[in-house]
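So the chains spell out like this:
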Amino acid sequence: MSTDSILRSKIIDGKKRSLTIREWIKSEILKLKESYNFIPGLAVIIVGDDPASHIYVKNKEKQSIESGMNSWKYILPSDVSEKEIIEQINKLNEDSMVDGILVQLPLPKTSSVSERNVINAISPEKDVDGLTIINSGKLACGEDGLFPATPSGCIILIKELSLNLAGKKALVIGRSNLVGKPIASMLLKENCTVTIAHSKTKNLIQECKNADIIIAAIGIPNFVKGDWVKKDSIIIDVGINRIDNLDNPKKRIVGDVDYEEAIKVCKAITPVPGGVGPMTIACLLLNTLKASCIRRNIESPIYNFTV
Ligand code: NAD
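In this text, all values refer to a predicted model and were calculated from it rather than measured experimentally. (Residues numbered from 1 in each chain as written. Predicted model: local features only at pLDDT ≥ 70, side-chain atom pairs only at ≥ 80, totals over all residues. Heavy atoms only, no water.)

## Considerations on the environment of Pro151
Okay, so step 1: With respect to the helices and strands, Pro151 occurs in helix α7 (residues 149-161).
Okay, so step 2: Not counting residues up to four positions away in its chain, the partners in contact with Pro151 are Leu178, Val179, Pro182, Ile183 and Met186. (Helix = DSSP H or I, 4+ residues; strand = E, 2+ residues; numbered from the N terminus. Contact = heavy atoms within 4.5 Å.)

Next up, the structure:
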């Protein structure tokens, strides 16, 4: 094999995998429509006018519709009060057509609204981002529930590479409620030996060198270097960082791992873009489908799909 094809064989193609998941969701929705005469629906609330958040929401809306779901979007002004956001959430909690509710985060920096209060106002059965205290607790206790989409996407990609994760040393870099903590719980459930590293961790390079699996969720471009990673390791790069291009005014997206160097050493790696990112929306749609079946007491193969 040429060096090029060896390197190509190490790429974990999240874009391709997410497409097959979305096709599967589409076919399941058709079956639900025929058998039970309903269509799952996702409602998204976005506060303020942050362009990146609006792009994320637009993609979620587009992909929900493409998969055959109902989709609703509520744009609230950046000076909206916590009470008004929660009133909107309560309406959606009561609406029987709505299966999933998502508040796009982060809320505007200028807002004095508490993200935790807003998230916890979402009914746990409709919490398709898996961020309410109830679903976070269920994940931590190893019970079934609705769990965050990005970590779920990472686990699907990892499980396809390494059938037996039991005893594997997994290093999660980052301890956010959105990514680091939930993925650590999911890896524990897979019987990995999990280490969580963060900004105060000492000897991070050594921790990386010990790890069979590295999940990088830091938010610093190219932070994890190629010579930090072990041969035969699996690297999942969650980071999305916009950096300047030398010869092009448009910004370029890179991950938290020095991809060009790490791919030469590791066994498999997710690229950025095209790795974890596309899996996130696919897993959000999986959660919406799952929530819709659970609320209606419908047996569905979806229960075997998510982590
Ligand atoms: P966050 O800012 O909430 O958390 C970052 C974590 O990195 C913190 O826990 C911090 O302790 C840790 N950290 C910071 N500096 C460090 C250092 N020097 N050494 C070790 N750890 C350090 O971010 P987040 O919401 O968890 O997101 C992380 C990254 O993942 C960001 O780039 C974000 O854009 C991206 N992200 C991607 C997706 C996706 O769909 N692909 C979804 C969510 C987040």
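The discussion continues.
## Looking at the sheet that holds strand β2 (residues 70-76)
Across a sheet, strands are paired by hydrogen bonds formed along the backbone, either parallel or antiparallel in direction.
Okay, so step 1: On the basis of which strands lie adjacent, the open sheet formed by 3 strands has the order β2-β1-β3 and parallel pairing. Every interior strand has two partners, whereas the edge strands, β2 and β3 (100-103), have only one. The sheet shows a mean angle of 15° between the axes of neighbouring strands, taken without regard to direction.
Okay, so step 2: Pairing analysis gives 4 bridges linking strand β1 (residues 41-47) to β3, with the strands arranged parallel. Along β3, the bridge assignment pairs Leu42 with Gly100.
Okay, so step 3: Running at roughly 160° to β2, helix α3 (residues 51-66) makes contact with β1, β2 and β3 of the sheet. (Pairing = 2+ DSSP bridges. Axes fitted to C-alpha atoms, helices over the stretch in contact; angles between N-to-C directions.)

## Looking at the packing of α3 against helix α11 (residues 276-295)
Okay, so step 1: Direction vectors running N to C along α3 and α11 enclose 55°, while the axes themselves pass 10 Å from each other. One way to sum up the angle between α3 and α11 is to call them oblique. Relative to α11, the crossing made by α3 is right-handed. Counting all contacts with α3, which are made through Asn59, Lys60, Gln63 and Ser64, the residues of α11 involved are Ile281, Leu284 and Leu285. (Parallel < 35°, antiparallel > 145°, perpendicular 65-115°, else oblique. Left-handed = near helix turned anticlockwise from the far one by under 90°.)

## Considerations on the site of the ligand
Okay, so step 1: If you check the shell around the ligand, you find 21 residues, and the closest are Arg175, Ser176, Val238, Ile240 and Thr280.
Okay, so step 2: In the model, an oxygen atom of the ligand is placed 3.1 Å from a nitrogen or oxygen of the Ile240 main chain.
Okay, so step 3: Here an oxygen atom of the ligand and a side-chain polar atom of Thr280 are 2.8 Å apart.
Okay, so step 4: About the coverage of the ligand: the protein hides 72% of its 860 Å² of free accessible area. (Near = heavy atom within 4 Å. Polar contact = N/O pair within 3.5 Å; in protein donor to acceptor, adjacent residues only side chain to side chain. Areas by Shrake-Rupley, 256 points an atom, 1.4 Å probe, with all protein chains shown as cover.)

## Comments concerning the sheet that holds strand β4 (residues 169-173)
Okay, so step 1: Taken together, 5 strands build an open sheet; the order of strands is β5-β4-β6-β7-β10 and the sheet is parallel. Since the sheet does not close on itself, it has two edges, and those belong to β5 (193-197) and β10 (268-269), each with one partner.
Okay, so step 2: Pairing analysis gives 2 bridges linking strand β7 (residues 234-237) to β10, with the strands arranged parallel. Looking across to β10, one finds that Ile235 is bridged to Ile269.
Okay, so step 3: Packed onto the sheet, α7 meets β6 (213-216), β7 and β10 and runs at close to 160° relative to β7.

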